[in-house]
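# Topology and contacts: notes
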Amino acid sequence: MSPREYLRIAIKVSRPRFWFYLLGPYTVGCIWGADRYLELLKPWFFAYFFFFMFPANVLLYGVNDLWDQETDELNPKKEGKEHRVKPEERESLRKLVWAAVGLGLLLTVFQTGLVERLIFLGFIFLSYFYSAEPIRFKQRPFLDSASNILYALPGVFSFYLTSGTLPPNSVLAAAFMHSFSMHLFSAIPDIEYDAGTGIRTTAVVLGRRASLVLCLILWSGLAALTFQLGSGSPLSLLPLTYPLIAAELLVLDKAVDSVYWFYPYINVIFGCLLFLSKAVVTPWG
């Protein structure tokens, strides 16, 4: 297979519409941890920027596609919204996944502190074993959604690199609530397909309505923490959007699919606003 074909498969499998889910937390963590822009004009910033933009997504979603073949055959979203891996592409995808793992491990060689190395390796570990045996968090109710904290780890990692400390506990709690809820919410449309292949996710165990109630509770906690952290500023009120949408779906008994594909745009908008709120007050030198 030619390099061009490998690149084509890598791009399709990495789900470009979701690239911001890893790259966004990384860039937000950088700007919130830095005291000035010049701290970011270093080779490590661009190396990790590239990693979390592309190879990390190949790793995360490539492993998922390799281990979820039975479910993906039944799932209609693989027809248009995502890429259904063809049998002849599987071996090439395995090579791409291992190349992404290898690049991640190579980057740890240049890391100097134990904490930053543990955070980074934690991201690789969760990204791989969310889908892969023998752990396969995806099939362990509640651990599946809890392991989704992996999406926040790029931000924790970059914040630590730039500030030398971990984010405040309240920020970590808010990140956990949001990542848990996003995973659970995204798993609701797949209840039928996961249950049909014997995969017991949190959404399968709880069912549609109870899953939405749990999302509503956790997103309400996120909104409360954000309001407190933002001292009641207008920007801190925006995360109320999440519990309000969950409440609307519950009250009107609407399908999650009706709003699910808007969530990447909502997350991107809020992430950009969070980035800009700190960027405008960060000095250059």
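See the structure above.
Below is a summary of the structure that appears in this document.

## Looking at the packing of helix α11 (residues 169-187) against helix α14 (residues 208-229)
Between α11 and α14, the shortest axis-to-axis distance is 9 Å and the interhelical angle comes to 155°. Of the possible angle classes, the one that applies to α11 and α14 is roughly antiparallel. Like other packed secondary-structure pairs, α11 and α14 cross with a definite hand, here left-handed. The segment α11 lies against α14, with Ser 170, Val 171, Ala 173, Ala 174, Met 177, His 178, Phe 180, Ser 181, Met 182, Leu 184 and Phe 185 engaging Ser 211, Leu 212, Leu 214, Cys 215, Leu 218, Trp 219, Gly 221, Leu 222, Leu 225 and Leu 229.

## Some points on unusual backbone geometry
Cis geometry marks the peptide bond from Glu 133 to Pro 134; its omega dihedral reads 10°. Looking at where Pro 134 falls in the secondary structure, it is placed in the loop between α8 (114-129) and α9 (143-146). Although it is not a glycine, Asp 253 adopts a positive phi angle of roughly 55°. Checked against the element boundaries, Asp 253 lands in the loop between α15 (241-252) and α16 (257-260). Given a relative accessible area of 55%, Asp 253 falls into the exposed group.

## Concerning the environment of Leu 235
Structurally, Leu 235 can be placed in the loop between α14 and α15. You can call Leu 235 partly exposed: its relative accessible area is 31%. Residues Leu 235 and Arg 90 lie 145 residues apart in sequence; the distance between their C-alpha atoms is 44 Å. The contact partners of Leu 235, leaving out residues within four places of it in the chain, are Leu 273 and Ser 277.

## Considerations on the packing of aromatic side chains
One pass over the full model with this rule turns up 28 aromatic pairs. The interplanar angle of 80° and the centroid separation of 5.0 Å between the aromatic rings of Tyr 128 and Phe 129 together place this pair among those described as edge-to-face. In this pair, the class of Tyr 128 matches that of Phe 129, namely buried. Relative to Tyr 263, the ring of Tyr 242 lies with its centre 5.9 Å away and its plane at 40°, an arrangement referred to as tilted. Here Tyr 242 is found in helix α15, whereas its partner Tyr 263 is found in helix α17 (residues 263-279), with 21 residues between them in sequence. Exposure class is identical for Tyr 242 and Tyr 263. Each is buried.

## Thoughts on the side chain of Asn 267
By the secondary structure assignment, Asn 267 is in helix α17. The buried category is assigned to Asn 267, whose relative accessible area is 12%. Within the local environment of Asn 267, its side chain forms a polar contact with the side chain of His 178, the two groups lying 3.3 Å apart.

## Quick word on helix α7 (residues 90-109)
Here α7 contains 20 residues, and its C-alpha end-to-end distance of 29 Å stays within 8% of the 28 Å for a straight helix at 1.5 Å per residue. All of the buried residues in α7 are Arg 90, Ser 92, Leu 93, Leu 96, Val 97, Ala 100, Val 101, Gly 104, Leu 107 and Thr 108.

About the cut-offs
Residues numbered from 1 in each chain as written. Predicted model: local features only at pLDDT ≥ 70, side-chain atom pairs only at ≥ 80, totals over all residues. Heavy atoms only, no water. Axes fitted to C-alpha atoms, helices over the stretch in contact; angles between N-to-C directions. Helix = DSSP H or I, 4+ residues; strand = E, 2+ residues; numbered from the N terminus. Parallel < 35°, antiparallel > 145°, perpendicular 65-115°, else oblique. Left-handed = near helix turned anticlockwise from the far one by under 90°. Contact = heavy atoms within 4.5 Å. Buried < 20%, exposed > 50% of the residue type's maximum accessible area, 1.4 Å probe, protein only. Phe/Tyr/Trp six-rings, centres within 6.5 Å; stacked < 30°, edge-to-face > 60°. Polar contact = N/O pair within 3.5 Å; in protein donor to acceptor, adjacent residues only side chain to side chain. Expected span 1.5 Å × (residues − 1).

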